[in-house]
Amino acid sequence: MSKNILLTDVGGTHIRFACYNGRECSPSVRYKIQEFPTFIEAVNTYLTETETTISSMVIGAAGLRCNNRVCLTNHTWVIDAPKIEKQLNLERVILLNDFTLQGLGTLDCQEVDLLHLGKECPIVSGPRAVIGAGTGLGVCFLMPNGENDFTVYESEAGHTTLGVVTKSMHIIAQKAWEKVPHLSFERLVSGQGIMLLYQIIGENYTEWQETVLFDEIVKMKQAYHFIVSTEKSGEWIPVTSGPEITNLAEQGNEIALMTWWLFFKYLGVFCSNMALTLKTSGGVYLVGDILTHPTVKQLLIASRIRPTFEKKGRFKSFMENIPLILVDKKNIPLLGLMHIAKRM
């Protein structure tokens, strides 16, 4: 049997495959999850189309892992490692939370991939938090366990209850509470969250622009002066996807820009909560395709997320020394999968 190890990254929207043969990794192939009724059918499609045989699998899946089984948080798939091992006649199947892969992948990134947000703080040895907004809001923690080595701890912290630091954030949160049974950070800081934020801001912008959002609009226009349009900038245009909001922001649409501005505010609060939870002296690392999109990255850099991150009252001085870093690199989960496969 081939010694190929199938590397599988299962998100909330897409599934990605690649094979590692002990020396090198094949190019990754991506499918939409909704195209397949089950996980096994997606695996078999990839193996058939690429004419690949495998001996083992490493799977990262976006959901809570219990008893070697994951039910996807944002889809109906159930991924059961022992059943997969038996169905595909494999030697071994390793099943992890998808964000474990993100955490491990950051360990193989180079200094050139790390973009400090705000002031540049020295990176010291210590616990790290890795956070990423995708279909959901993923989190894991890295704990040093020796020289240049870390243990990854899975987390579902993205589902913790939303917190705010300004009156405008609180009022927006009140509107969001009317639409969801539990307002977690993921409800606003994710691909689905940006849609909800845009809807709430758009529905209330005419009323709020001279009241609730007045101060935030002034700050946003100063920060995003390079992109704000003066023509129809406050027009609310209905959208059906997050990328459409980004496209509107590129055109200078004020409501789209305000949506991203507040998205980063909520993200900053969440990052600071995670930093205090584990005293992440080694830094907070932001990952994922949403934040590294060229336009979103430009807005994030200009968003002044660092002051929101540091706004922790009596612990402000502690927060000032924690690095807040955007990992500007693609395919980090694949690096994490390879990290594990090399040790099998």
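How each quantity is defined
- Residues numbered from 1 in each chain as written.
- Predicted model: local features only at pLDDT ≥ 70, side-chain atom pairs only at ≥ 80, totals over all residues.
- Heavy atoms only, no water.
- Helix = DSSP H or I, 4+ residues; strand = E, 2+ residues; numbered from the N terminus.
- Rg over C-alpha atoms; globule rule 2.2 N^0.38 Å.
- Buried < 20%, exposed > 50% of the residue type's maximum accessible area, 1.4 Å probe, protein only.
- Contact = heavy atoms within 4.5 Å.
- Pairing = 2+ DSSP bridges.
- Axes fitted to C-alpha atoms, helices over the stretch in contact; angles between N-to-C directions.
- Expected span 1.5 Å × (residues − 1).
- Polar contact = N/O pair within 3.5 Å; in protein donor to acceptor, adjacent residues only side chain to side chain.
- Core = buried A, V, L, I, M, F, W, Y, C linked by side-chain atoms within 4.5 Å.
- 1 Å grid on protein atoms, 1.4 Å probe; cavity = no way out; pocket = protein on both sides within 12 Å on 5 of 7 lines; lining within 4 Å.
- Points joined across faces, edges and corners; volume = space filled by probe spheres on them.
- Nonpolar A, V, L, I, M, F, W, Y, C, P; charged D, E, K, R; others polar.
- Parallel < 35°, antiparallel > 145°, perpendicular 65-115°, else oblique.
- Left-handed = near helix turned anticlockwise from the far one by under 90°.

(A) Structural context of the overall build of the chain. The secondary structure content of the chain amounts to 13 helices and 14 strands. Scaling as 2.2 N^0.38, a compact globule of 344 residues should have a C-alpha radius of gyration of about 20 Å, and the chain matches this with 21 Å. In terms of principal-axis extent, the alpha carbons of the chain reach across some 70 × 45 × 35 Å. By the burial criterion, 53% of the 344 residues in the chain qualify as buried. Pairs at least 24 residues apart make up 68% of the contacts formed inside the chain by residues separated by at least 6 positions.

(B) Structural context of the sheet that holds strand β6 (residues 69–72). One open sheet holds the three strands; their spatial order is β5-β6-β7, and the pairing between them is antiparallel. Two strands lie at the open edges of the sheet, namely β5 (63–66) and β7 (78–80), each paired on one side alone. For this sheet, the mean angle separating the axes of adjacent strands, direction not counted, is 15°. Alignment of β5 against β6, held across four bridges, turns out to be antiparallel. Counterpart to Arg-65 in the pairing with β6 is Val-70.

(C) Looking closely at helix α8 (residues 254–278). Look at α8: 37 Å from first C-alpha to last across 25 residues, which is about the 36 Å you get at 1.5 Å a residue. Burial analysis of α8 places 21 of its 25 residues in the buried class, which makes it a mostly covered element. Its side-chain oxygen placed 3.1 Å from the backbone nitrogen of Ile-255, Asn-253 serves as the N-cap of α8. Positive backbone phi, approximately 50°, marks Lys-279, located one or two places after α8.

(D) Region of the structure containing the nonpolar core. Core analysis: the largest hydrophobic core is formed by 66 residues, its most contacted members being Ile-131, Tyr-224 and Phe-264. The greatest single-element share of this core, amounting to 16 residues, is contributed by α8. Apart from residues lying up to four places away in sequence, Tyr-224 is in contact with Leu-257, Trp-260, Trp-261, Phe-264, Leu-299, Ala-302 and Ser-303.

(E) Fine view of the pairing of strand β1 (residues 5–10). Where burial is concerned, most of β1 is hidden: six out of the six residues are buried. Across the two faces of β1 the burial is the same, with Ile-5, Leu-7 and Asp-9 and Leu-6, Thr-8 and Val-10 all buried. Where β1 lies against strand β2 (residues 14–20), six bridges are found, and the strand directions are antiparallel. Paired with Asp-9 across the two strands is Arg-16, which belongs to β2. In sequence, β1 turns back onto β2 through a hairpin of three residues. For β1 and strand β4 (residues 56–61), the ladder comprises six bridges, and the chain directions are parallel. Bridging across to β4, Leu-7 finds its partner in Val-58.

(F) Representation of the layout of surface pockets in the model. Roughly 400 Å³ of internal volume is contained in the second largest pocket. Contributing to the lining of the second largest pocket are 20 residues, with Thr-106, Leu-107, Arg-128, Asn-148 and Phe-150 lying nearest its centre. Those elements that place two or more of their residues in the lining of the second largest pocket are β11 (137–146) and β12 (149–155). Among the residues making up the lining of the second largest pocket, the classes are represented as nine nonpolar, seven polar and four charged.

(G) Looking closely at the environment of Lys-167. With respect to the helices and strands, the residue Lys-167 is situated in helix α4 (residues 167–177). For the pair Lys-167 and Leu-213, spaced 46 residues apart in sequence, the C-alpha to C-alpha distance is 9.2 Å.

(H) Quick peek at the packing of α4 against helix α5 (residues 191–208). Here α4 crosses α5 at 120°, and the two axes come no closer than 10 Å. Accordingly, the angle class assigned to the pair α4 and α5 is oblique. For the pair α4 and α5, the sense of crossing is right-handed. Of the residues in α5, those in contact with Ile-171, Ile-172, Lys-175 and Ala-176 of α4 are Leu-196, Leu-197, Ile-200, Ile-201, Asn-204 and Trp-208.

(I) Representation of the pairing of β12. Sheet analysis places β11 next to β12, joined by seven bridges and oriented antiparallel. Bridge pairing links Met-143 to Thr-151 in β12.

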